[in-house]
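Listed below, chain by chain, are the residues.
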Amino acid sequence: MSRGAAAGPKGKKKGASFTIDCAKPVEDKIMDIASLEKFLQERIKVGGKAGALGESVTVTRDKSRITVLSDSNFSKRYLKYLTKKYLKKHNVRDWLRVIASNKDRNVYELRYFNIAENEGEEEE
């Protein structure tokens, strides 16, 4: 008996769907969601080449959310890395952070740092 015989069909990869929720910064007009979408389309690497998304990865936007759909394996951590890189490039990394949502594990949220708590600690 071979041990690997019970495994499923080989070569079949499952896709992934991730969302970046930019509601708070977009409402406050700190960032433009269209520029984030364009940044992701240019920077996501497929097959070692940036910007060559082809049919395997799609980046879509509606109001204050960006959705990245992938036919092949796609790292959630890579999406967080690119989002942080975008924030740094546009000089808003000091005020915003990328956090995984409590409700859904495939959603990242852009939130403000809690500056009020830090100010109270410095005064004492």
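Residues numbered from 1 in each chain as written. Predicted model: local features only at pLDDT ≥ 70, side-chain atom pairs only at ≥ 80, totals over all residues. Heavy atoms only, no water.

Concerning the side chain of Lys80
- With respect to the helices and strands, the residue Lys80 is situated in helix H3 (residues 76–89).
- Summary of buried charges: Lys80 has no salt-bridge partner, and the nearest side chain of opposite charge, Glu109, is 12 Å away.
- Excluding residues that lie within four positions of it along the chain, Lys80 makes contacts with Val98 and Tyr108. (Helix = DSSP H or I, 4+ residues; strand = E, 2+ residues; numbered from the N terminus. Buried < 20%, exposed > 50% of the residue type's maximum accessible area, 1.4 Å probe, protein only. Lys, Arg positive; Asp, Glu negative; His and termini not counted. Salt bridge = Lys/Arg side-chain N within 4 Å of Asp/Glu carboxyl O. Contact = heavy atoms within 4.5 Å.)

Side note on the nonpolar core
- Counting residues in hydrophobic clusters, the biggest one holds 25 residues, and the most contacted among them are Leu40 and Ile44.
- Secondary structure elements with two or more residues in this core: strand E1 (16–21), helix H2 (33–43), strand E4 (57–62), strand E5 (65–70), H3, strand E6 (96–100) and strand E7 (107–112).
- Setting aside residues no more than four positions away along its own chain, Ile44 makes contact with Lys49, Ala50, Gly51, Leu53, Val57, Val59, Val68, Phe74, Tyr78 and Leu82. (Core = buried A, V, L, I, M, F, W, Y, C linked by side-chain atoms within 4.5 Å.)

A look at the sheet that holds E4
- Overall, mixed pairing links the five strands, which are arranged E4-E5-E1-E7-E6 in an open sheet. Of all the strands in the sheet, just E4 and E6 have a single pairing partner and so form its edges. Strand-to-strand, the axes of this sheet are offset by a mean angle of 20 degrees, without reference to chain direction.
- Where E6 meets E7, five bridges bridge the pair, whose relative direction is antiparallel. Across the sheet, residue Ala100 finds its bridge partner in E7, namely Tyr108.
- Strands E1, E4 and E5 of the sheet are contacted by H2, whose axis makes an angle of about 180 degrees with E4. (Pairing = 2+ DSSP bridges. Axes fitted to C-alpha atoms, helices over the stretch in contact; angles between N-to-C directions.)

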